[in-house]
Amino acid sequence: MTITVIPRHPALGAEVCGVDMRRPMDAAVRQAVVDAWTEHLVLVFPDQRVSDQEHVAFTRHFGEPEVFHQTSLSLRSDRVKEIFLVSNVDENDRLMTPAEPSQKQLSSARQWHTDSSYRPMPSVGSLLHGIEISRTGGITQFINMYEVYDDLPESLRRQVEGRRARHDFGMLHRITGAPAPTKAEQAAMPAVWHPMVRRHPVSGRKSLYISSIYNDAIEGLDEKASIRLVEELSEFAAQPHYMYRHVWEPHDVLMWDNRCTVHAVTPHDPTERRVMHRTTIVGSEPVMAG
């Protein structure tokens with residue numbers, strides 16, 4: 001089996017042809033995918049009509065799939081525990097309203113973030129399967145944080161070099177109005193501090209490492225200054241030349257690197273079904289300061 005990699009944007013994003021996620025993957029193809037991922041940061045595998053079990057099995061080629069720690073909002077699949085439900089349709093095929101707790105929490109995905117940054121060893125990457133896609137929005141946008149870091153104005157660079165930001169899962173309920181984590185969930189995932197500039201363990205490149213839905217504090221700054229700095233950095237990053245915008249087709253699977261990208265989804269009509277299943281690759285090492 002050979003693969004073809006077609007770039008989709010100068011900064012990041014490429015389509016990978018020739019991979020069938022339902023079939024075994026040999027070492028050469030796996031390495032070709034890893035090389036493409038390292039270069040392009042976001043990979044698109046079109047027309048992958050995989051089951052959740054096949055989705056998880058494919059993820060295991062690149063690391064251990066995460067099991068989401070929060071159980072109180074039914075965002076973790078009851079059928080395949082490694083699947084995170086980025087959906088407005090529950091596992092009983094019921095369309096949910098924006099006012100329901102799970103949908104409130106998922107609304108945070110409209111802000112720039114990187115998955116599982118609130119863990120002591122944040123995730124390596126994520127794979128998202130578009131089972132039922134939206135046509136009224138729901139575009140997933142990605143930013144190349146290598147290039148953002150390289151281009152930071154000196155005034156911003158001085159504020160992030162050598163500093164850490166706090167990543168707190170509990171911030172989600174404060175910004176969305178979703179229920180607070182239970183005491184058990186809080187104990188399982190206390191807030192952590194990570195460098196704001198990190199070095200990628202594979203590429204060796206430096207990137208800006210922020211996650212606006214989880215960052216609630218920055219070393220040496222008060223709360224208002226911390227929030228203002230994250231907003232300013234996010235605004236600088238959200239320039240089109242750093243960004244790939246993925247318009248979904250049914251059964252696209254996207255694979256992205258959480259160590260050097262952030263992403264956000266555009267709003268869509270909440271009466272339109274959107275069923276997306278995600279796996280997240282467990283991190284294997286602490287964040288390395290840049």
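Residues numbered from 1 in each chain as written. Predicted model: local features only at pLDDT ≥ 70, side-chain atom pairs only at ≥ 80, totals over all residues. Heavy atoms only, no water.

Draft legend 1. Structural context of the sheet that holds strand β14 (residues 261-265). Pairing is antiparallel across the open sheet formed by three strands, whose spatial order is β12-β6-β14. Both edges of this open sheet fall to β12 (243-246) and β14, since each of them pairs with a single strand only. Between one strand axis and the next, the sheet turns through 20° on average, direction left out of account. Here strand β6 (residues 140-144) pairs with β12 via four bridges, running antiparallel. (Pairing = 2+ DSSP bridges. Helix = DSSP H or I, 4+ residues; strand = E, 2+ residues; numbered from the N terminus. Axes fitted to C-alpha atoms, helices over the stretch in contact; angles between N-to-C directions.)

Draft legend 2. Just the packing of aromatic side chains, in detail. Under the definition given, this model contains nine aromatic pairs. Here Phe-45 and Phe-58 contribute two aromatic rings whose centre-to-centre distance is 5.7 Å and whose plane-to-plane angle is 75°, an arrangement assigned as edge-to-face. Placement of the pair is Phe-45 in strand β3 (residues 42-45) and Phe-58 in helix α2 (residues 52-59), with a sequence separation of 13 residues. Across the pair, Phe-58 and Phe-45 agree in class, each one buried. Aromatic pair Phe-68 and Phe-84: ring centres 4.8 Å apart, planes at 80°, arrangement edge-to-face. Here Phe-68 is found in the loop between α2 and β4 (84-87), whereas its partner Phe-84 is found in strand β4, with 16 residues between them in sequence. The buried category is assigned to Phe-68, whose relative accessible area is 6%. (Phe/Tyr/Trp six-rings, centres within 6.5 Å; stacked < 30°, edge-to-face > 60°. Buried < 20%, exposed > 50% of the residue type's maximum accessible area, 1.4 Å probe, protein only.)

Function cannot be inferred from these measures alone, as they are strictly geometric.
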